[in-house]
Amino acid sequence: MLGEGALACDTADVAAELRRLAENLSGTSLEGSAAQRTADRLTTDTPDVVPLLEDALNGNADAIGRAATADGYDPTAFAQLVELALQPVLWAAAERCAALTDVDRWDRGYCAVCGAWPALAELVGAEKRRVLRCGRCGTAWSWLILLCPYCGNDDHRSLGTLVPQDVRQDSASPTPAEPRSRHRVDVCERCHGYVKAVATFTSVPSPRLAAEDVATVHLDIGARDAGYSRPGTVDVSTAGIPRLVREGRARAGGD
């Protein structure tokens with residue numbers, strides 16, 4: 001996990017990125033909307049982002065929203081902008097962590113660098129090796145096919161897959177629809193969690209993960225309509241810890 005020092009040295013970069021994002025949002029959002037007014041103010045305001053970084057890192061949008069409301073910003077727009085402004089710092093931190101340790105061997109369902117749940121899984125290469133990808137910092141780590149990253153369920157009888165019945169195609173585009181086998185949703189009947197999966201031969205670069213997440217939003221809609229969520233309903237004390245790891249700890253504690 002990132003330390004306070006790593007964040008403190010990058011606060012100027014975060015503030016600059018926040019202003020850049022605000023300028024983009026100000027020019028593209030609905031004129032007169034709460035988001036547009038907030039973005040417009042942030043193009044000239046210089047809010048102190050330091051107190052917000054820990055909450056942004058921990059995904060505490062409510063705390064950021066309260067701070068935004070106190071300063072007269074739209075809480076939703078402000079929290080999203082701060083979260084996005086932090087991403088380049090997280091990408092750099094993920095690269096440093098990958099250079100220092102073998103993150104691919106991480107045995108938790110949440111990200112080793114920033115603690116977020118995976119945005120999706122990549123099924124890499126001809127062997128379809130399952131690799132979880134963090135949508136916030138881009139970290140990648142290998143994960144077993146028959147293992148729920150949320151509750152650690154490894155019982156094949158309660159793990160399944162949803163496959164889109166059809167692939168929607170923009171009629172204005174001459175590009176043929178993608179093969180049905182490229183996308184799927186892995187689901188767990190124990191915690192009712194789901195993970196989108198995309199078949200690929202090369203891992204998606206971290207800055208493009210958000211675009212891939214948006215491009216597969218139809219999978220999110222289908223999974224939620226079927227009664228699944230991301231993450232599932234999990235025990236906070238054991239969330240993301242595989243069953244075999246939990247049982248190993250229990251045996252070690254009893255010895």
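The structure under discussion appears in the preceding block.
The residue count restarts for each chain, going from 1 along the sequence in the order it is written. In view of the model being predicted, local features appear only for residues whose pLDDT reaches at least 70, and side-chain atom pairs are presented and counted only at 80 or more, with totals across whole chains, interfaces and linings using the full set of residues. Hydrogen atoms and water are omitted, and side-chain values are computed over all heavy atoms in the structure.

Asks: Before we move on, could you go through the environment of Q80 and cite the residues and values that matter?
Replies: Inspection of the secondary structure puts Q80 in helix α6 (residues 75-100). What makes Q80 partly exposed here is its relative accessible area of 49%. Here the alpha-carbon distance between Q80 and A56, two residues 24 residues apart in the chain, equals 9.2 Å. Secondary structure follows DSSP: runs of H or I at least 4 residues long count as helices, runs of E at least 2 residues long count as strands, and numbering of each begins at the N terminus. Relative accessibility thresholds used throughout: buried, under 20% of the residue-type maximum; exposed, over 50%; partly exposed, between the two (1.4 Å probe, protein chains only).

Asks: Report on the layout of surface pockets, specifying residues and quantitative values.
Replies: The definitions used throughout rest on a 1 Å grid laid over the protein atoms alone, on which a cavity is an enclosed set of points accommodating a 1.4 Å probe that cannot get out and a pocket is an open set flanked by protein within 12 Å on both sides along at least five of seven lines; lining residues are those having an atom within 4 Å of a point. Grid points are joined across faces, edges and corners, and a volume is the space filled by probe spheres set on the points. Volume-wise, the largest pocket comes out at about 660 Å³. E83, A116, W117, G135 and R136 are, among the 27 residues lining the largest pocket, the residues nearest its centre. Mapped by element, the contributors of at least two residues to the lining of the largest pocket are α4 (50-57), α5 (61-70), α6, β1 (118-124) and α7 (209-215). Of all the elements, α6 adds the most residues to the lining of the largest pocket, at five residues. Partitioning the lining of the largest pocket into residue classes produces 16 nonpolar, seven polar and four charged. Only Asp, Glu, Lys and Arg are considered charged in this grouping, and only Ala, Val, Leu, Ile, Met, Phe, Trp, Tyr, Cys and Pro are considered nonpolar; every other residue, Gly among them, is considered polar.

Asks: An account of α5 is needed here, citing residue identities and associated values.
Replies: Those residues of α5 lying buried are A63, I64, G65 and A68. Of the surrounding elements, those touching the buried residues of α5 are α4 and α6. One or two positions beyond α5, positive phi appears at G72, with a value near 85 degrees. Any two residues whose heavy atoms approach within 4.5 Å are treated as being in contact.

Asks: Could you give an account of the pairing of strand β5 (residues 183-188), with specific residues and numbers?
Replies: The element β5 is extensively covered by neighbouring structure, given that six of its six residues are classed as buried. Burial of β5 is two-sided: the residues H183, V185 and V187 facing one way and the residues R184, D186 and C188 facing the other way are all buried. Two strands form a pair only when DSSP identifies at least two bridges running between them. Where strand β4 (residues 159-162) and β5 come together, four bridges link them in antiparallel fashion. Pairing of L159 across the sheet is with C188, part of β5. Pairing analysis gives five bridges linking β5 to strand β6 (residues 194-200), with the strands arranged antiparallel. Directly across from R184, in β6, lies its bridge partner A197.

Asks: Describe the pattern of salt bridges, with residues and values.
Replies: Definition used for salt bridges: Asp or Glu carboxyl oxygen within 4 Å of a side-chain nitrogen of Lys or Arg. A full pass over the atoms with the stated rule returns 14 salt bridges. A salt bridge links R184 to D186; the shortest N-O distance between them is 2.8 Å. Judged by its relative accessible area of 9%, D186 is buried. Between K196 and D213 there is a salt bridge, with the nearest N and O atoms lying 2.5 Å from each other. With K196 in strand β6 and D213 in helix α7, this residue pair connects regions lying 17 residues apart in the sequence. Linked through salt bridges whose partners overlap, the residues forming this network are K196, D213, D220 and R230.

Everything listed here is a matter of coordinates, which is why it stays silent on function.
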